Amino acid sequence: MSRLTNENNSLVTYFNSKSQISEGYRKLRTNIQFSSIDSHIKKIMVASAEAGEGKTTTISNLAVTYAQEGKKVLLIDADLRNPSLHQVFSVPNHIGLSSVLSNQYSVEEVLRESYIDNLQLFTSGPIPPNPSEMIGSNRMKRLIEKLEDQYDVIMFDTPPVLAVTDALIVSSLCDGVLLVVNSGKVKKELVKKTKAALEHVNARILGAILNNIKNVAVPVGYGEK
């Protein structure tokens, strides 16, 4: 298992926790925590319309801020088509979520430490021939129910909403969804289409995160739908 290195500068909340960007992620965490009075937001998905909008960077840094607050956090890579969380955290990915859903390994065998206190990783594992079927299976639902009793916060990285149905399936398992928008890339029509698709499956959209065109995702906007 490889250690995190400073070469992986996407984890700014870990390597430069006093930066303005890190403070932005902490404010985002606070906004989520206070966005609901009557219900607890425990399972969070970060979504985007297209690939390359900063979704994985955003969810990774947000997970770190929850862990730094003392919450027990599980970060799940539910992108069984083009996984990337194992690269962000520099851990192996030869077994993971797909391995558990296909009954090859137990949860305990695939969970990985992230070298960040309170933060564990559930990598995607090998790319299966039937990602949507796995994500939408009853076994997936039972798995999330089991994990929910063990963690304070569970966060999901998924494929882009408009690419495949996987993200919409995961959103139905979550308490809330954050929509990441790259203002320098994605068209407004695609953002509206993504929002409509999430609402169609009754996903609760907590707000939107507007990223700039830099390599590191910067949450500069948040608001109710």
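All residue numbers refer to position in the chain's written sequence, counted from 1. Totals for whole chains, interfaces and linings use all residues, but because this is a predicted model, local features are given only for residues with pLDDT of at least 70 and pairs of side-chain atoms are given and counted only at 80 or more. Remark: hydrogens and water are excluded; side-chain values derive from all non-hydrogen atoms of the structure.

## Some thoughts on the nonpolar core
Basically, it comes down to this: What is meant by a nonpolar core is a set of buried Ala, Val, Leu, Ile, Met, Phe, Trp, Tyr and Cys residues, joined one to another through side-chain atoms within 4.5 Å. Burial here depends on accessible area, computed with a 1.4 Å probe over protein chains only, as a share of the maximum for the residue type. Under 20% is buried, over 50% is exposed, and the range in between is partly exposed. Secondary structure follows DSSP: runs of H or I at least 4 residues long count as helices, runs of E at least 2 residues long count as strands, and numbering of each begins at the N terminus.
Membership of the largest hydrophobic core comes to 37 residues, with the highest contact counts inside it found for Met45, Ile76, Leu97, Phe122, Leu147 and Phe156. Here the element with the most residues in this core is helix α8 (residues 138–148); it accounts for four residues. By size, the runner-up hydrophobic cluster in this structure holds 27 residues, among which are Ile44, Ile59, Ala67 and Val73.

## Quick notes on the sheet that holds strand β4 (residues 119–122)
The cut-off we apply is this: A pair of strands is considered paired only if DSSP assigns at least 2 bridges between the two. Any two residues having at least one pair of non-hydrogen atoms within 4.5 Å are treated as being in contact. Here, axes are lines fitted to C-alpha atoms. For helices the fit covers the stretch in contact, and angles between N-to-C directions go from 0 to 180 degrees.
A sheet is described by the order of its strands in space; here seven strands give the open sequence β3-β4-β2-β5-β1-β6-β7, paired in mixed fashion. Each edge of the open sheet carries a strand with a single partner, namely β3 (112–113) and β7 (205–211). Looking at chain direction, strand β1 (residues 43–48) and strand β6 (residues 176–182) are connected through five bridges and run parallel. Counterpart to methionine 45 in the pairing with β6 is valine 177. Lying on the sheet, α8 is in contact with β1, β2 (73–77), β4 and β5 (153–157); it crosses β5 at an angle near 145 degrees. Lying on the sheet, helix α10 (residues 188–200) is in contact with β1, β6 and β7; it crosses β6 at an angle near 170 degrees.

## With respect to the environment of glutamine 68
One can find glutamine 68 in helix α3 (residues 55–68). Its relative accessible area of 39% is what places glutamine 68 among the partly exposed residues. Sequence spacing of glutamine 68 and threonine 13 is 55 residues, and the spatial spacing of their C-alpha atoms is 9.2 Å.

## Focus on the packing of aromatic side chains
In plain terms, the rule: Aromatic rings from Phe, Tyr and Trp, with only the six-membered ring used for Trp, were paired whenever their centres fell within 6.5 Å, and each pair was classed as stacked if the ring planes differed by under 30 degrees, edge-to-face if by over 60, and tilted otherwise. Put simply, a charge is over a ring when the Lys NZ or the Arg CZ is close to the ring centre, within 6 Å, and near the line of the ring normal, within 35 degrees.
Using the criterion set out here, one finds one aromatic pair in the structure. Plain terms: the ring middles of tyrosine 14 and phenylalanine 15 are 4.9 Å apart, the flat faces sit at 80 degrees to each other, and that makes the pair edge-to-face. Among the residues examined, tyrosine 14 registers a relative accessible area of 34% and is labelled partly exposed. It is lysine 72 that lies over the ring of tyrosine 151; its NZ or CZ is 5.0 Å from the centre.

## As for the side chain of serine 48
By the element assignment, serine 48 lies in strand β1. Its relative accessible area of 1% is what places serine 48 among the buried residues. Setting aside anything within four residues of it in sequence, one finds serine 48 in contact with Glu53, Lys55, Pro160, Val161, Leu179, Val180 and Thr194.

## Describing the confidence of the model for the chain
Any residue range with low pLDDT should be treated as having predicted coordinates unsuitable for detailed reading. Spelled out, the test is: Per-residue confidence from the prediction method is given by pLDDT, with values spanning 0 to 100.
Here the chain averages 88 in pLDDT, while 89% of its residues score no lower than 70. Here residues 1–7 is modelled with pLDDT under 50, and outside its nearest four sequence neighbours on either side it reaches 20 contacts, counting other chains as well. Across residues 215–225 the pLDDT falls below 50, and counting only partners more than four positions away or on other chains, this stretch makes 41 contacts in the model.

## A few points about the pairing of β5
The element β5 is largely enclosed, with a buried count of five among its five residues. Two strands pair when backbone bridges link them, and β1 and β5 are joined in this way by four bridges, in the parallel orientation. When the sheet's bridge partners are listed, isoleucine 44 is paired in β5 with methionine 155. Pairing of β2 with β5 involves five bridges; the strand directions are parallel. What sits directly across from aspartate 77, in β5, is aspartate 157.

## Here's the deal with the pairing of β6
Judged by how many residues are buried, β6 sits mostly within the fold: seven of seven residues are covered. What you see with β6 is no split at all: Gly176, Leu178, Val180 and Asn182 on one side and Val177, Leu179 and Val181 on the other are buried throughout. Here β6 pairs with β7 via six bridges, running parallel. In the strand pairing of β7, asparagine 182 is matched with asparagine 211.

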